[in-house]
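# Notes for the structure review
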Amino acid sequence: MAAASKLQALWNHPAGPKTIHFWAPTFKWGLIIANAADFAKSPDELSYPLQLAVACSGLIWSRYCMVITPRNWNLFCVNAAMAGTGVYQLSRKFWHEYSTKKEEEQVANE
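Note that the structure is predicted; figures quoted are calculated from it, not measured.

Procedures and definitions
Residues numbered from 1 in each chain as written. Predicted model: local features only at pLDDT ≥ 70, side-chain atom pairs only at ≥ 80, totals over all residues. Heavy atoms only, no water. Helix = DSSP H or I, 4+ residues; strand = E, 2+ residues; numbered from the N terminus. Expected span 1.5 Å × (residues − 1). Contact = heavy atoms within 4.5 Å. Polar contact = N/O pair within 3.5 Å; in protein donor to acceptor, adjacent residues only side chain to side chain. pLDDT = per-residue confidence, 0-100. Phe/Tyr/Trp six-rings, centres within 6.5 Å; stacked < 30°, edge-to-face > 60°. Buried < 20%, exposed > 50% of the residue type's maximum accessible area, 1.4 Å probe, protein only.

So, on to helix 3 (residues 48–67). Between its first and last C-alpha, helix 3 extends 29 Å over 20 residues, near the 28 Å set by a 1.5 Å rise per residue. For helix 3, the elements touching its buried residues are helix 2 (20–37) and helix 4 (73–109). Capping the start of helix 3, Ser47 holds a side-chain oxygen 3.3 Å from the backbone nitrogen of Leu50, two or three residues further along.

Moving on, we come to the environment of Ile33. Checked against the element boundaries, Ile33 lands in helix 2. The sequence separation of Ile33 and Met82 amounts to 49 residues, and the corresponding C-alpha distance is 9.3 Å.

Within the chain, residue pLDDT values average 90, and 99% of them lie at 70 or more. Highest mean pLDDT in the chain belongs to helix 3 (95); lowest belongs to helix 1 (residues 2–11) (82).

Enumeration over the complete set of coordinates arrives at eight aromatic pairs. Consider the rings of Phe22 and Trp23, whose centres lie 4.7 Å apart with planes at 90°: the pair is edge-to-face. The class for Trp23 is partly exposed, based on a relative accessible area of 39%. Aromatic side chains Trp23 and Phe27 sit 6.1 Å apart centroid to centroid with 35° between the ring planes, which places their arrangement in the tilted category. With Trp23 and Phe27 both in helix 2 and four residues apart, this pair spans about one turn of that helix. Classification of Phe27 by relative accessible area gives exposed; the value is 64%. An aromatic cluster is built from Phe22, Trp23 and Phe27, whose rings are joined through pairwise contacts.

Structure representation (structure tokens):
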């Protein structure tokens with residue numbers, strides 16, 4: 001009986017499956033999956049503007065999720081994951097370019 005009441009509470013929640021507040025963040029997970037699939041790409045193929053937009057959007061909207069009523073934890077989690085994948089991709093690209101520049105300098109000095 002307790003499980004049925006919890007399921008009913010989830011179903012009738014203001015950010016539950018009967019609302020766009022549930023489905024929009026649920027489908028937004030597709031962006032995170034696509035960005036995570038790019039982990040296999042060479043850092044040369046990554047775009048600073050795109051990854052910066054992904055990271056900043058995730059950070060900004062994660063904060064917003066904590067000030068709206070009711071708090072939408074699904075939206076918070078998807079945006080936090082979005083920020084995480086964006087920051088990770090930015091760091092991959094940055095370190096790749098940094099190490100490539102160092103190697104080129106060493107070759108030029110020889």
